[in-house]
Amino acid sequence: MRVTVKLFAMFRNGRFKVAEFDFPQGTTCRQIVAEVGLTEAELGVVMVNGRHAQVDRVLAEGDTLSLFPLVGGG
């Protein structure tokens, strides 16, 4: 299945901004996070098709996964 992955802020450093990938059916957000070289501890927000999602969500053909880092400051 084809999934679009969007990375934001520092996640783009040395990676990509937007890319399309082919993954097997049943792939979760967690698996893609690992595939692009991120850890769950770095994640701030996970969105699928513009809606908040959990990392264990199973993705479907044509989904867009957006990954945002934790935000620091105050």
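As a reminder, the structure under discussion sits directly above these lines.
Small disclaimer: the values here were computed from a predicted structure and weren't measured. Here, residues in each chain are numbered from 1, in the same order as that chain's written sequence. For a predicted model such as this one, the threshold for reporting local features is a pLDDT of at least 70, and the threshold for listing and counting side-chain atom pairs is 80 or more; totals across whole chains, interfaces and linings nevertheless cover every residue. Just so you know, side-chain values use all the structure's heavy atoms and leave hydrogens and water out.

Trainee: Outline the nonpolar core, supporting the account with residue identities and numerical values.
Mentor: Formed by 19 residues in total, the largest nonpolar core has its most connected members in I32, V46, L59, L65 and L67. For this core, the secondary structure elements donating two or more residues are β1 (2-7), α1 (29-35), β3 (43-48) and β5 (64-69). What L65 contacts, discounting residues up to four positions off in sequence, is T4, V5, K6, C29, I32, V46, M47, V48 and L59. Here the nonpolar core consists of buried residues drawn from Ala, Val, Leu, Ile, Met, Phe, Trp, Tyr and Cys, with membership extended through side-chain atoms lying within 4.5 Å. Only protein chains enter the accessibility calculation, which uses a 1.4 Å probe. A residue is then buried if its area is under 20% of the maximum for its type, exposed if over 50%, and partly exposed in between. Comment: elements are numbered from the N terminus, with helices defined as DSSP H or I runs of at least four residues and strands as E runs of at least two. Working rule for contacts: check all heavy atoms of both residues, and any pair within 4.5 Å makes them a contact.

Trainee: Go over the side chain of T27, please, and point to the residues and values.
Mentor: Assignment of secondary structure puts T27 in the loop between β2 (18-22) and α1. Within the structure, T27 has its side chain in polar contact with the backbone oxygen of P24 (distance 2.6 Å). T27 has contacts with M1, I32, R57, V58 and L59, leaving out every residue within four places of it along the chain. Distance and chemistry together define a polar contact, namely a pair of N or O atoms within 3.5 Å, with one atom able to donate a hydrogen and the other to accept it when in protein, and with adjacent residues in sequence counting only for side-chain atoms on both sides.

Trainee: An account of the pairing of β3 is requested, with residue identities and associated values reported.
Mentor: Strands are labelled as partners when DSSP assigns at least two bridges between them. Sheet topology note: the β3/β5 ladder contains five bridges and is antiparallel. Its bridge partner being in β5, M47 is matched across the sheet by S66. Judged from the two bridges that link them, β3 and strand β4 (residues 51-52) form a sheet pairing that is antiparallel. Bridging across to β4, M47 finds its partner in H52. What sits between the antiparallel neighbours β3 and β4 is a turn of two residues, in which N49 has the positive phi angle 55°.

Trainee: Quick rundown of the packing of aromatic side chains? Include the residues and the values.
Mentor: Ring pairs are drawn from Phe, Tyr and Trp, using the six-membered ring of Trp, whenever the two centres fall within 6.5 Å, and their geometry is named by plane angle: stacked under 30 degrees, edge-to-face over 60, tilted for the rest. What the rule picks out here adds up to three aromatic pairs. Here the aromatic rings of F8 and F68 are separated by 4.1 Å at their centres, their planes lie at 10°, and the arrangement is stacked. Of the two residues, F8 sits in the loop between β1 and β2 while F68 sits in strand β5, which places them 60 residues apart along the sequence. Judged by relative accessible area, which is 25%, F68 ranks as partly exposed. Grouped by ring-pair contacts, the aromatic residues F16, F21 and F23 constitute a single cluster.

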